[in-house]
2 protein chains.
Amino acid sequence: MDEAIEKQLSPLRVRVKEQGDKVREMKAAGAPDIDIKKEVLDLKARRKELEELTLKLDPPDTFDRSKMADLVKRRFFYDNSFAIYGGITGQYDLGPLGCDLTRNMLEEWHKHFVLQEHMLSVSCSILTPEPVLKASGHMDKFADYMVKDTLSGECYRLDHLIKLHLEKKVSDKKTSAAEKAELGLVLNRLDGMDVGELGALVKKHDMKSPSTGNPLTEPVEFNLMFPITIGPSGAIRGFLRPETAQGIFVNFKRLLEFNQNRLPFAAAQVGNAYRNEISPRSGLLRVREFTMAEIEHFCDPDDKSHPKFDSVSNLEMRLYSAEAQMAGESVRNITIGEAVRGGLVANETLGYYMARIQQYLLKIGIKEKKLRFRQHMANEMAHYACDCWDAECLTSYGWIECVGCADRSAYDLTCHAKATGVKLSVERPLPEPKDVETVTPVLDNKLIGKTFLKQSKEVQEALAALSIEDAETLDKNLTADGKYTLPGTSFELTRSMIPSLKREIKKVHVEEIVPSVIEPSFGIGRVFYALLEQTFTVREDDDKRTYFALPTIVAPVKVSVLPLSSKPEFEPFTKQLASALTKCNLSVKIDDSTGSIGRRYARTDEVSIPFAVTIDFDTLSSSPHTVTLRERDSTLQVRIPVSEVAPTVQRLAASELQWSDVLARWPRFAQQEATK
Amino acid sequence: MDEAIEKQLSPLRVRVKEQGDKVREMKAAGAPDIDIKKEVLDLKARRKELEELTLKLDPPDTFDRSKMADLVKRRFFYDNSFAIYGGITGQYDLGPLGCDLTRNMLEEWHKHFVLQEHMLSVSCSILTPEPVLKASGHMDKFADYMVKDTLSGECYRLDHLIKLHLEKKVSDKKTSAAEKAELGLVLNRLDGMDVGELGALVKKHDMKSPSTGNPLTEPVEFNLMFPITIGPSGAIRGFLRPETAQGIFVNFKRLLEFNQNRLPFAAAQVGNAYRNEISPRSGLLRVREFTMAEIEHFCDPDDKSHPKFDSVSNLEMRLYSAEAQMAGESVRNITIGEAVRGGLVANETLGYYMARIQQYLLKIGIKEKKLRFRQHMANEMAHYACDCWDAECLTSYGWIECVGCADRSAYDLTCHAKATGVKLSVERPLPEPKDVETVTPVLDNKLIGKTFLKQSKEVQEALAALSIEDAETLDKNLTADGKYTLPGTSFELTRSMIPSLKREIKKVHVEEIVPSVIEPSFGIGRVFYALLEQTFTVREDDDKRTYFALPTIVAPVKVSVLPLSSKPEFEPFTKQLASALTKCNLSVKIDDSTGSIGRRYARTDEVSIPFAVTIDFDTLSSSPHTVTLRERDSTLQVRIPVSEVAPTVQRLAASELQWSDVLARWPRFAQQEATK
């Protein structure tokens, strides 16, 4: 970055660092959490300020969102769902191009992750019963706040409403400069405010319903999951899953068996998930129905090394550490090997996946300079995670989280094991056998049976499962009072039922461990959107000609066939080429519409088709018959025999051949681009 | 079929034919629908009787359902969802093998249909607002009947409950032979009975709740769609889609544009759909959440020829026509060309898709003899369809509908156009221009504006849209009464607002047509299940060794690598082979567990891996290093250089090479199968 810019950024960097140091000191001094939280909010606001100025002073390539939206809509990459019924916000249908682009992205994902890493694929139910999501924490925590129009009942997401209101005020000419500056600071802090602070803002600024001007209710919590009932009686309550991960966790035992009871292993799932957003906006970035691709890598909590780490350790990455964020510094280029060795990234497995994520994103067309990995600061991280990095892509909406990569520790398996009583752990051989003390209550089973009848089995199981401490407590109480009610139950036990405790020393050879989970989690729709923005291109010589410069590997259609004339002599060539290309499993678009060849090239570029084959009048007369083959980005053409087209395009599509090889091999052709 | 069997079947054939003729005569005589329906029920019962005896006398290969269930569960092809939480009936999770098999089936489907036929892929929302499903007819008609336990509230699907009850009675020793015969007839007729007849059976046999013995409620209708509300206010009511088709219909206009406004074209969608079954059973055959793959082919209603029909016209198919079903005849082998020419199959496009469906099913491993196409009889057909054939696969549950192939005429587009007012039609050029009479009301727009104010635009539009007849009616009424209220509105119009009618003759060059829809619709889970059953194999020499003989093209894992020893010298070979195979995008399973090679072959067969590479002691010493390559079904092995393994398996997997070619090329190897 140039010096002049750095000079302007410098004071903001200092502001961030000051605040970062303050937070650090407070933590070191053991200040109360609530006080630290407040300062972290301020820290984030300053960081955001720095980021915004950085983007303003050193802007990415100009990008015209409305131009892209026009192309996306006109050529039906995607559109609002049920548009003829008025559409539904937060839901989109993928048209042919969007659908094929997504399919190609996912196919490459499958090869890159599942095949290359020998992962176990699963496909689990979307309809999820309540107890599963109670255990996972989603029923209690997966909520946003909203306020309602007291008369019309319309709902607004609390933070969005405030943002809208304050931004309007900032852009109002009547607002003083001082007020504007203050509101700007508040806006930057919004993200981390709690419901009390947000509610106070609504009152302070006397906000009303934006569409009616009616008063608003107090903020209420709204769980983002879609409730459903399964079966006709309404007895089984559940939700549409809010993420795909839980399906993998509840199948852990079967998957471990499948892997012959060995760690580490990874399971992968691609599928839909649902969030009933209060007021979705930002197009594809916040929707109610979306595709995720998630990997859960289960490993020994005490050994998170990765056997293939060496193969990526020299990969340079743009890491934006929590440290740097607190110090007002920028993204740092560093190899993942160094990052793990230096302790910046928690462990090899986490680092390995970060590297693989980067390789994947670059392969499908995300730009290196518009990709960074941002580490969650301690106060952002979910309570169960020990380290978490988001792959963020730069778009016109700013830096957008597209892939999360977290070390979730043993949190999920522990939750489900607790909720179900099913052991979700792995036996790990001990380096050497160990003596372990056990304390078991000695039972008079006959007496217990007579006393508790049908429930006696339950009593026996509860007693067998007592910890050493609980067994001691039981024994002490029985000695003192002669009776004892088992905590959490209504079973009153007497001394004669449990005359004594048996103490033993047992030799054990294995220990039970709950695996740690490393989770790379892809929001496919967000990657898809970022990819469209980052590859959207306007031709230098004609700003009306726009197209997506997608890599061939993900381009929805690989090749177009354009007969220059509708004369019947052209038809056999069109058919022959289409059939040969289709046989190679290449998706082909035949454009035999009238219209100049230049216009047809523009049409074929628009939808990102990397190669175009044109049948012209020379095709008819040449021997062997030749056609032209044109590459989208360079618009260069060669003249090539008809029979060579399919194998050449197939090898280009499989990256076995580069366009430069084609240019070297076949004679250049230079006509047709203009209207003929 | 042998003569002795035919002799036993003959009287049943006669019974069917008698009844078929009766139905035909009644139709010809114009008998009331309700009477015909009754006789059709009896016809179906007789047909079923014939089918059951046919299967009994000429049974398919023995099949042990519990043996397959054991393998499916043990190796986690699929399992009940949320098993550790007690599971949910009617929901299944696909484990690694089931997931990869499904993926491969769908990938082949994509190549076979979407790529080869240049279809437009789409991916539409699952959350569907109510008006869409109101228009499609699902809100009114997509229901089953159930009865409830009056005390516990437990629900039972009415026909299932009756079936269970009657079957129990039939197998009861106390039931007389005459009673049994009568009950058998009733059972065969159940499928087509209406709610009145079913309710009468419940009363007649005094049926109670099977689990509690409590009385039951009267039958109530239960809509099978899962209701949801979209957004936080609960204002947008909707459902999880019950089929994927509607998403294509509502996008028709955009897709037509995408296809440059030309017919025919086909759109394809793969995705989940949901049915809230009352009491799901029969494993994967009746579930609440399932994957469909649907194609909607839009074509000119007056020209349903297909340009590629010739390429399939010689394909022989097993067709079970409505005619044959009514005459007590069997399936008939006939080429699809003959079937269309003879009018048995309604048109070329329908026939083309039937042929392509058969080609697909055989390619993925469905057995020719266990596949038939059954035509819907006139009374079974949905009211909008003009011809409908189901691809049925034979399983231990009988002949199961796996793919439907229907000509849905213009039904769906007409419904949605009516509901939305959006034109869902295509302009077709007329052979020659045509004179058309138009009649338009002449309006005093000023007066209308003054009278109706804000609503005047609506009034004008309604008047502009009047048909000739309605305009004449309007004019007549205005002349007679001086005023007229537009039907369906509250707009009172006067003579002065509409002084006269304008009559014109216009020359038109195109006509609007609503395309017909031909719909092949795949229940992927059902094809998946039928495929597992039909390929389940028990080794002739050892009935404990079971496996799935899946074609390589869909086998979940293509190749296994088995080092004969765990000595470190073997490891480089394992790594080298795994890496070379993975680079070819082949899914590889390394089994380096201890255990005899025979047991490991059995394990690798079980999960249907078609090829196994074994690294043995000769591998270490041979030069060049060689390994053995084994084929699953024949268990034959060859000895082949390490470097040849990956390219050979890749070509085998792509069907570019047959196993017989491998046997011819490399020396046979005959050891190892036994324990070493």
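The residue count restarts for each chain, going from 1 along the sequence in the order it is written. Labels follow written order: the first chain is A, the first ligand is 1, and so on. Note on the predicted model: pLDDT of at least 70 is required for a residue's local features to be given, and 80 or more for side-chain atom pairs to be given and counted; whole-chain, interface and lining totals, by contrast, use all residues. To get the side-chain values, all heavy atoms of the structure are used, and hydrogens and water are removed first.

(A) Main features of the packing of helix α1 (residues 3–28) of chain B against helix α2 (residues 33–57) of chain B. Residue and element names in this part refer to chain B. All axes are obtained by fitting lines to C-alpha atoms, using only the stretch in contact for helices, and the reported angles, taken between N-to-C directions, cover 0 to 180 degrees. Strands here mean DSSP runs of E at least two residues long; helices mean DSSP runs of H or I at least four residues long; both are numbered from the N terminus. Two elements in contact, α1 and α2, have axes whose closest approach is 9 Å; the angle formed by their N-to-C orientations is 165 degrees. Taken together, the axes of α1 and α2 lie roughly antiparallel to each other. Along this stretch, α1 crosses α2, giving a crossing that reads as left-handed. Three residue categories are used. Nonpolar comprises Ala, Val, Leu, Ile, Met, Phe, Trp, Tyr, Cys and Pro, charged comprises Asp, Glu, Lys and Arg, and polar comprises the others, including Gly. For the contact of α1 with α2, the residue count by class is twelve nonpolar, four polar and eleven charged. Throughout, the term roughly parallel applies to angles under 35 degrees, roughly antiparallel to angles over 145, roughly perpendicular to angles from 65 to 115, and oblique to all others. It is the rotation of the near helix from the far one that decides the hand of a crossing: anticlockwise by less than a right angle makes it left-handed, clockwise makes it right-handed.

(B) Representation of unusual backbone geometry. Omega for the peptide link from Ser623(A) to Pro624(A) comes to -5 degrees, which places this bond in the cis form. When you line up the elements, Pro624(A) lands in the loop between α22 (617–621) and β27 (626–631). Not every positive phi belongs to a glycine, and Thr635(A) is a case in point at roughly 60 degrees. Inspection of the secondary structure assignment puts Thr635(A) in the loop between β27 and β28 (637–641). For Leu453(B), which is not glycine, the phi dihedral falls at a positive 50 degrees.

(C) Spotlight on the interface of chain A and chain B. Should any heavy atoms of two residues lie within 4.5 Å, those residues are considered in contact. Contact residues are listed per partner, giving 81 residues for chain A and 81 residues for chain B. Accessible area that two parts lose when put together, with a 1.4 Å probe and added across both, is what the buried area reports. When chain A packs against chain B, close to 7,200 Å² is buried across both sides, 60% of that on carbon and sulfur atoms. When a carboxyl oxygen of Asp or Glu lies within 4 Å of a side-chain nitrogen of Lys or Arg, that pair is called a salt bridge. Where chain A touches chain B, the interface holds four salt bridges. Salt-bridge contacts for Asp592(B) lead to Arg262(A); the nearest nitrogen and oxygen are separated by 3.0 Å. Residues adjacent in sequence count toward polar contacts only when both atoms are side-chain atoms; beyond that, a polar contact is any pair of N or O atoms within 3.5 Å, and within protein one must be able to donate a hydrogen and the other to accept it. Scanning the region where chain A abuts chain B turns up 31 residue pairs in polar contact (both at pLDDT 80 or more). When residues in the side of chain A that touches chain B are grouped by element, the largest group, nine residues, is from helix α4 (residues 96–115) of chain A. Its residues placed into classes, the side of chain A that touches chain B shows 40 nonpolar, 24 polar and 17 charged.

(D) Layout of the pairing of strand β28 (residues 637–641) of chain B. Residue and element names in this part refer to chain B. The classification of residues rests on relative accessible area computed with a 1.4 Å probe and restricted to protein chains. Under 20% of the type maximum is buried, over 50% is exposed, and intermediate values are partly exposed. Burial within β28 is extensive, with five of its five residues counted as buried. Residue alternation in β28 divides its side chains into two sets, Gln637, Arg639 and Pro641 and Val638 and Ile640, and both sets are buried. Here, strands pair whenever DSSP counts at least two bridges between them. As judged from the five bridges shared by strand β27 (residues 626–631) and β28, these two strands associate in the antiparallel manner. By the bridge assignment, Thr628 is partnered in β28 with Arg639.

(E) Quick look at the domain arrangement of chain A. What marks off one domain from the next here is an automatic or database domain assignment. Along its sequence, chain A is carved into domain 1 (1–60), domain 2 (71–124 + 242–425 + 514–541), domain 3 (144–223), domain 4 (430–510) and domain 5 (557–665). The gap between the C-alpha centroids of domain 2 of chain A and domain 4 of chain A is 46 Å.

(F) Region of the structure containing a negative patch on the surface. Here, patches come from residues exposed beyond 30% relative accessible area and free of salt bridges, joined within 9 Å for like charges and within 5 Å for nonpolar side chains (Val, Leu, Ile, Met, Phe, Trp, Tyr). All accessibility values rest on the Shrake-Rupley procedure with a 1.4 Å probe; residue burial counts only the protein chains present in the view. For this count, His and the chain ends are skipped, Lys and Arg are scored as positive, and Asp and Glu as negative. All charge positions are set by atom: Lys at NZ, Arg at CZ, Asp at CG, Glu at CD. Together, Glu540(A), Asp541(A), Asp542(A) and Asp543(A) make up a negatively charged patch on the protein surface. Position of Asp543(A) among the secondary structure elements: in the loop between β22 (536–538) and β23 (546–548).

(G) Region of interest: helix α14 (residues 348–364) of chain A. Residues and elements named next belong to chain A. For α14, which comprises 17 residues, the first-to-last C-alpha distance of 24 Å matches the rise-based estimate of 24 Å (1.5 Å per residue) to within 8%. Of all 17 residues in α14, 13 are buried, a share of seventy percent or more. Just beyond α14, the residue with positive phi is Gly365, at close to 120 degrees. Each helix should span, by expectation, one fewer than its residue count multiplied by 1.5 Å.

(H) A look at empty space enclosed by the protein. Both cavities and pockets are sets of points on a 1 Å grid over the protein atoms alone; in a cavity a 1.4 Å probe fits but cannot get out, in a pocket the set is open with protein on both sides within 12 Å along at least five of seven lines, and lining residues sit with an atom within 4 Å of a point. Grid points are joined across faces, edges and corners, and a volume is the space filled by probe spheres set on the points. Inspection of every chain in the model, using the stated rule, returns three cavities of 30 Å³ or more. The wall of the largest cavity is formed by Arg75(A), Leu97(A), Val557(A), Lys589(A), Asp591(A), Arg603(A), Thr604(A), Val607(A), Ile609(A) and Phe258(B). Residue classes in the lining of the largest cavity are distributed as five nonpolar, one polar and four charged. For the second largest cavity, the calculated volume is near 60 Å³. Grouping the constituent residues of the lining of the second largest cavity by class yields four nonpolar, five polar and two charged.

(I) Expanded view of the pattern of salt bridges. In the structure shown here, the tally under the stated rule is 100 salt bridges over all chains. For the salt bridge of Arg408(A) with Glu519(A), the shortest nitrogen-to-oxygen distance reads 3.1 Å. Of this pair, Arg408(A) sits in strand β16 (residues 398–409) while Glu519(A) sits in strand β21 (residues 516–523), and the two are 111 residues apart along the sequence. The burial state of Arg408(A) is the same as that of Glu519(A); both residues are buried. Ionic pairing is found between Arg545(B) and Asp605(B), a salt bridge with its closest N-O pair at 3.4 Å. Of this pair, Arg545(B) sits in the loop between β22 (536–538) and β23 (546–548) while Asp605(B) is found in helix α21 (residues 597–606), placing the two residues 60 residues apart along the sequence. Owing to a relative accessible area of 1%, Asp605(B) belongs among the buried residues under this scheme.

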